[in-house]
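# Understanding the architecture of this molecule
Here are the chains, one letter per residue:
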Amino acid sequence: MEQEVRTSTKWSETRDQPKNKERALSRLRTQIYDKEHQKYIDDIAARRKTMVSTGDRSAKIRTYNYPQGRITDHRIGYTVYNLAAFMDGDIQGVIDALQVAENAERLKESEL
């Protein structure tokens, strides 16, 4: 007696169509989930990379020049020539400039 030889393909493992369909849909769901999850991870990595600096000396955030009494915030290009008051706690001008720059950046992103 000859025995029936079943060849298993990638999607069909049995002759039962409902089970094959169920397995195929399960694999398809997994592939779609994996692809979407990878997009999510890549998006997070891209945003994180923009937030983290290289740590080089050229990546300055703020410099304090004591001989000239100058403070410069390099992220927004804001310079104040009142270092003594800044060191005594009068930092509201820098905070306001940072908030304006952040709001402008958010508005620019929302237009895209």
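The structure this text deals with has already been given above.
Residues numbered from 1 in each chain as written. Predicted model: local features only at pLDDT ≥ 70, side-chain atom pairs only at ≥ 80, totals over all residues. Heavy atoms only, no water.

To continue, consider the pairing of strand β2 (residues 70-73). Consecutive side chains along a regular strand alternate between the two faces of the sheet. Alignment of strand β1 (residues 62-65) against β2, held across four bridges, turns out to be antiparallel. Looking across to β2, one finds that Asn65 is bridged to Arg70. What sits between β1 and β2 in their antiparallel hairpin is a turn of four residues, with Gly69 showing a positive phi close to 65°. Relative to strand β3 (residues 78-80), β2 runs antiparallel, the two sharing three bridges. For Thr72, the partnering residue across the bridge sits in β3 and is Thr79. Where β2 hands over to β3, the hairpin turn is made up of four residues, of which Gly77 adopts a positive phi near 70°. (Pairing = 2+ DSSP bridges. Helix = DSSP H or I, 4+ residues; strand = E, 2+ residues; numbered from the N terminus.)

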